[in-house]
Amino acid sequence: MTNLEKYEKVFCEVFETSKDKLENLKFQDIPAWDSVGHMSLVAALENEFDIMMDADDIINLSSFKKGQEILRNTYSIDL
């Protein structure tokens, strides 16, 4: 499984949504992505990629696309 597939899988599992809805998904676009869902997402990403996200990255993780950017640029994960 590629890193992108892992990333997509985390979003799909945490938010119980389909892959086709991920591309434009943003914080609070769906009921599941509230503050509690956000922290579940962070925990799942940290576990999946064996990283520890800092507070600024957690706050800035505002969309599916922004998360990709953060993982690429800050944690050198090729997505």
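Calculation criteria
- Residues numbered from 1 in each chain as written.
- Predicted model: local features only at pLDDT ≥ 70, side-chain atom pairs only at ≥ 80, totals over all residues.
- Heavy atoms only, no water.
- Helix = DSSP H or I, 4+ residues; strand = E, 2+ residues; numbered from the N terminus.
- Buried < 20%, exposed > 50% of the residue type's maximum accessible area, 1.4 Å probe, protein only.
- Expected span 1.5 Å × (residues − 1).
- Contact = heavy atoms within 4.5 Å.
- Polar contact = N/O pair within 3.5 Å; in protein donor to acceptor, adjacent residues only side chain to side chain.
- Salt bridge = Lys/Arg side-chain N within 4 Å of Asp/Glu carboxyl O.
- Core = buried A, V, L, I, M, F, W, Y, C linked by side-chain atoms within 4.5 Å.
- Axes fitted to C-alpha atoms, helices over the stretch in contact; angles between N-to-C directions.
- Parallel < 35°, antiparallel > 145°, perpendicular 65-115°, else oblique.
- Left-handed = near helix turned anticlockwise from the far one by under 90°.
- Nonpolar A, V, L, I, M, F, W, Y, C, P; charged D, E, K, R; others polar.

A. View of unusual backbone geometry. A positive phi is found at Q28, a non-glycine position, where the angle reads about 70°. A positive phi angle is found at D50, which is not glycine, with a value near 55°. If you trace the backbone, D50 turns up in the loop between helix 2 (35-49) and helix 3 (55-60). Take D50: its relative accessible area is 72%, and that puts it in the exposed class.

B. The arrangement of helix 2 in detail. The end-to-end C-alpha separation of helix 2 is 21 Å, in line with the 21 Å expected for 15 residues at 1.5 Å each. Those residues of helix 2 that sit buried are G37, H38, L41, V42, L45, E46 and F49. Among the structural elements, helix 1 (3-15), helix 3 and helix 4 (64-75) are those in contact with the buried residues of helix 2. Looking at where helix 2 begins, the residue whose side-chain oxygen comes 3.2 Å from the main-chain nitrogen of V36 is D34. Where helix 2 terminates, the next one or two residues include D50, which has phi positive at roughly 55°.

C. Spatial organisation of helix 1. With 13 residues, helix 1 extends 18 Å between its outermost C-alpha atoms, agreeing within 8% with the 18 Å of an ideal straight helix rising 1.5 Å per residue. Among the residues making up helix 1, those that are buried are Y7, E8, V10, F11, C12 and F15. Summarising the contacts, the buried residues of helix 1 are in contact with helix 2 and helix 4.

D. Layout of the pattern of salt bridges. In the structure shown here, the tally under the stated rule is 4 salt bridges. Between E8 and K19 there is a salt bridge, with its nearest N and O atoms 3.4 Å apart. Note that E8 is positioned in helix 1 and K19 in the loop between helix 1 and helix 2, a separation of 11 residues in sequence. The class of E8 is buried, set by a relative accessible area of 13%.

E. Molecular detail of the nonpolar core. Judged by nonpolar contacts, the single largest core of 22 residues is most densely connected at Y7, F11, L41, L45, F49, M53 and L71. When contributions to this core are tallied by element, the ones reaching two or more residues are helix 1, helix 2 and helix 4. With 5 residues, the top contributor of residues to this core is helix 1. Non-local contacts of F11, meaning those with residues more than four positions away in its chain, are made with E16, T17, L22, L25, W33, L41 and F64.

F. Geometry of the packing of helix 1 against helix 4. Packing of helix 1 against helix 4 leaves a shortest axis separation of 12 Å and a crossing angle of 135°. For the element pair helix 1 / helix 4, the angle class is oblique. Helix 1 and helix 4 meet at a crossing whose hand is right-handed. Here L4, Y7, E8 and F11 of helix 1 lie close against helix 4, whose contacting residues are F64, G67, Q68 and L71. Among the residues forming the contact of helix 1 with helix 4, the class breakdown is 5 nonpolar, 2 polar and 1 charged.

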